[in-house]
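Reading the structure
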Amino acid sequence: MVATILDGKAIASQIREELAEEVAKWTAKRAITPCLAAVLVGDHPASEVYVRSKRRACEQAGLESQLHRLSGDCRESDLLELVDRMNRDPAVHGILVQLPLPAHIHESKILDAINPMKDVDAFHAENVGRICQGRPRYLPCTPHGIVQLLHRTGIKVSGKQAVVIGRSDIVGKPMAMMLMNRDSTLGPACANATVTVCHSRTAGLGDITRQADLLVAAIGRPRFVTADMVKPGAVVIDVGINRVDDQLVGDVDFEPVKQVAGHITPVPGGVGPLTVAMLLYNTLLAAKLQHTSA
Ligand code: NAD
């Protein structure tokens, strides 16, 4: 069997087109344009690239974007003051503080300071708690993008054995919660999985991953998931972005796993583009939630 490639890039552009239409309709009725404010602290080449692509995507969808830069040696209080200003600015609907932050700044302190109504990354404890309870306000962009991808390619999740490798707050944990919840933004077929979460201390990883109908790899180790770890016909979602010899590779050993899996996402062109698309979705949603009567 050779797996069907799940074209995240094509699905992301479909979502972005739909959002652009919705943004145009929404802004036409009001004198308000949804606005995403991004914060970049220090010089981090990868973060520069991510923020630039997010801003470009905003522009193309008809959203406004702001970029606030602070130097890498700024004080934590400088960043907190900036967050506070953006929290109070009615023209800003979504706030994104690009991670990672310099080591002297406490990430959780900054994320906690963002107004949960403007927390379009869905990293604030209130928003995480809401996802946990199955009543989300915002969903984190990468796992939400994966749910969109599964739905739009006709892959059902309900009743399946799902294995998530990785327990980060950004991908692994929220992905597991969303897959196990009773419902999703796209209905119950994209939720209700039986979920196992694996991590760096998991014993017998291969025995667990071989049970998976749906395998999500969010590890950050190039080509870590090998063909012998995959159940024939499984859906394999590769979240990893690793640079090897100037090439981007995923956490899945793509070519051999493609021979075993039923569906697989490529890197690049799989999950990455969906993450950006879902940030636009959250920014529009943020504007809607902040202007319910406008
Ligand atoms: P992270 O470093 O925070 O978490 C990695 C997880 O992998 C940890 O929970 C750890 O327990 C687990 N892990 C590490 N070694 C392991 C092992 N030997 N066996 C089993 N589990 C192991 O990373 P993250 O932020 O979740 O990101 C994961 C990957 O996804 C990275 O490559 C990152 O660049 C990428 N990423 C991509 C997108 C996207 O839009 N495509 C978004 C976020 C992250």
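Residues numbered from 1 in each chain as written. Predicted model: local features only at pLDDT ≥ 70, side-chain atom pairs only at ≥ 80, totals over all residues. Heavy atoms only, no water.

Some words on the site of the ligand
The condition that has to hold: Think of it this way: one heavy atom of a residue within 4 Å of a molecule or strand is enough to make that residue near it. N or O atoms closer than or at 3.5 Å make up a polar contact, with two conditions inside protein: a donor-capable atom paired with an acceptor-capable one, and, for residues adjacent in sequence, both atoms drawn from side chains. To measure how exposed things are, a 1.4 Å probe is used in the Shrake-Rupley method; for residues, cover is taken only from the protein chains shown. Segments assigned H or I by DSSP are reported as helices when at least four residues long, segments assigned E as strands when at least two residues long, and all are numbered from the N terminus.
Around the ligand there are 20 residues in total, and Arg167, Ser168, Ser200, Ile241 and Thr275 lie nearest to it. In the environment of the ligand, a nitrogen atom lies 3.4 Å from a nitrogen or oxygen atom belonging to the backbone of Val239. Ile241 is positioned with one of its backbone polar atoms (N or O) 3.0 Å from an oxygen atom of the ligand. For the ligand, whose free accessible area comes to 860 Å², the fraction covered by protein is 73%. For the shell around the ligand, the element with the most residues is helix α10 (residues 271-290), which contributes three residues.

Re the nonpolar core
The criterion, for reference: Buried Ala, Val, Leu, Ile, Met, Phe, Trp, Tyr and Cys residues form a nonpolar core when they are joined through side-chain atoms within 4.5 Å. Note on exposure labels: buried denotes an accessible area under 20% of the residue type's maximum, exposed denotes more than 50%, and partly exposed covers the range between, all computed with a 1.4 Å probe on protein chains only. Domain segmentation is taken from an automatic or database assignment of domains. Whether two residues touch is decided by their heavy atoms; if any such pair falls within 4.5 Å, the residues are in contact.
Ranked by size, the top nonpolar core spans 55 residues in total, and within it Ile146, Leu150, Leu179, Leu214, Val216, Ile237 and Val239 carry the most contacts. With ten residues, the single largest contributor to this core is α10. Two domains each put at least three residues into this core: domain 1 (31-115) and domain 2 (140-272). Beyond its immediate sequence surroundings of up to four residues, Leu150 is in contact with Ile155, Val157, Leu214, Val235 and Ile237.

Here we look at the sheet that holds strand β7 (residues 214-217)
We count it as follows: One bridge is not enough; two strands pair if DSSP finds at least two bridges between them. Interaxial angle, 0 to 180 degrees, is taken between N-to-C directions of lines fitted to C-alpha atoms, where a helix line uses only the stretch in contact.
The strand order across the open sheet built from six strands is β1-β11-β8-β7-β5-β6, with neighbouring strands paired in parallel fashion. The outermost strands of the open sheet, each flanked by one partner alone, are β1 (4-5) and β6 (194-198). Judged from the four bridges that link them, β7 and strand β8 (residues 235-238) form a sheet pairing that is parallel. What sits directly across from Ala217, in β8, is Asp238. Relative to the sheet, helix α7 (residues 172-180) contacts β5 (161-165), β6 and β7, its axis offset from that of β5 by approximately 170°.

Structural notes on unusual backbone geometry
Here the amide bond leading from Leu99 into Pro100 is cis, since omega sits at 0°, within 30 degrees of zero. Mapping Pro100 onto the fold places it in the loop between β4 (94-97) and α4 (107-113). Looking along the chain, the bond that leaves Val267 and enters Pro268 is cis, with omega of 0°. Position of Pro268 among the secondary structure elements: in the loop between β11 (263-264) and α10. Although it is not a glycine, Arg223 sits at a positive phi angle of roughly 55°. Structurally, Arg223 can be placed in the loop between β7 and β8. By relative accessible area, which is 37% here, Arg223 ends up partly exposed.

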